[in-house]
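The chain contents come next:
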Amino acid sequence: MLYPSIDSLMEKLDSKYTLVTVSSRRAREIKEDVRRGPLVDKPQSYKPVGMALEEIVHDHLKFERILDEEE
């Protein structure tokens, strides 16, 4: 079984699209800037995407949707 599971991730975010967008942006930050390393103390994954997903599950990384007022 993979960690973190898709079910635990979907409890934190509103859609799979949001999950992919948030985790990919964070993974790029982890990979490109050493100072912005993983927020999890001992990540189980050694890959940036896995680390980003662990941050989402452990509530270190959040997403807030801002709605346009004209809608």
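Every residue gets a number counted from 1 within its own chain, in the order that chain's sequence is written. Note on the predicted model: pLDDT of at least 70 is required for a residue's local features to be given, and 80 or more for side-chain atom pairs to be given and counted; whole-chain, interface and lining totals, by contrast, use all residues. Water and hydrogen atoms play no part in the side-chain values, which are based on all heavy atoms of the structure.

Caption draft 1: Broad picture of the packing of helix α2 (residues 16-32) against helix α3 (residues 48-57). Between α2 and α3, whose axes approach to 8 Å, the crossing angle comes to 120 degrees. As the angle between them shows, α2 and α3 are arranged oblique. Judged by the sense of rotation from one axis to the other, the crossing of α2 with α3 is right-handed. Contact residues: α2 offers Leu 19, Val 22, Ser 23, Arg 26, Ala 27, Ile 30 and Lys 31, while α3 offers Pro 48, Val 49, Met 51, Ala 52, Leu 53, Glu 55 and Ile 56. What counts as an axis is a line fitted to C-alpha atoms, over the stretch in contact for a helix, and the angles between N-to-C directions run from 0 to 180 degrees. Strands are runs of DSSP state E lasting at least two residues, helices are runs of H or I lasting at least four, and both sets are numbered from the N terminus onward. To sort the angles, those under 35 degrees are grouped as roughly parallel, those over 145 as roughly antiparallel, those from 65 to 115 as roughly perpendicular, and the leftovers as oblique. If you view the pair so one helix is near and one far, a crossing is left-handed when the near helix is turned anticlockwise from the far one by less than a right angle, and right-handed when it is turned clockwise. We call two residues contacting when some pair of their heavy atoms lies within 4.5 Å.

Caption draft 2: Layout of α3. Of all 10 residues in α3, eight are buried; the element is thus mostly enclosed. Of all the positions in α3, only Gly 50, Met 51, Ala 52, Leu 53, Glu 54, Glu 55, Ile 56 and Val 57 are classed as buried. On its buried side, α3 packs onto α1 (6-10) and α2. Partly exposed residues are those whose accessible area sits between 20% and 50% of the maximum for their type, while under 20% is buried and over 50% is exposed, using a 1.4 Å probe and protein chains only.

Caption draft 3: A look at the confidence of the model for the protein. For every residue, the predictor assigns a confidence score, pLDDT, that lies between 0 and 100. Averaged over all residues, the pLDDT of the protein equals 86, while 96% of them reach at least 70. The secondary structure element of the protein with the lowest average pLDDT is α1, at 89, and the one with the highest is α2, at 92.

Caption draft 4: Structural context of the nonpolar core. For the purposes of this section, nonpolar cores are sets of buried Ala, Val, Leu, Ile, Met, Phe, Trp, Tyr and Cys residues that join through side-chain atoms within 4.5 Å. Membership of the largest hydrophobic core is limited to eight residues, which are Leu 9, Leu 13, Leu 19, Val 22, Leu 53, Ile 56, Val 57 and Leu 61. Counting residues per element, this core draws most heavily on α3, which supplies three residues. Those residues within four positions of Leu 61 in sequence are excluded, and the remaining contacts are Val 22, Arg 26, Ala 52, Glu 55 and Ile 56.

Caption draft 5: Layout of the pattern of salt bridges. A pair is scored as a salt bridge if a Lys or Arg side-chain nitrogen falls within 4 Å of a carboxyl oxygen belonging to Asp or Glu. Enumeration over the complete set of coordinates arrives at six salt bridges. One salt bridge in this structure joins Lys 12 and Asp 59, with 3.2 Å as the shortest N-O distance. Placement of Lys 12 in the loop between α1 and α2 and of Asp 59 in the segment after α3 is noted, with a sequence separation of 47 residues between them. With a relative accessible area of 37%, Lys 12 lands in the partly exposed category. The salt bridge involving Glu 29 is made with Arg 36; its shortest N-O contact spans 3.5 Å. Given a relative accessible area of 29%, Glu 29 falls into the partly exposed group. Exposure remark for Arg 36: the relative accessible area of 44% places this residue in the partly exposed category. Ionic contacts of the salt-bridge type, sharing partners, join the residues Arg 26, Glu 29, Arg 36 and Glu 55 into one network.

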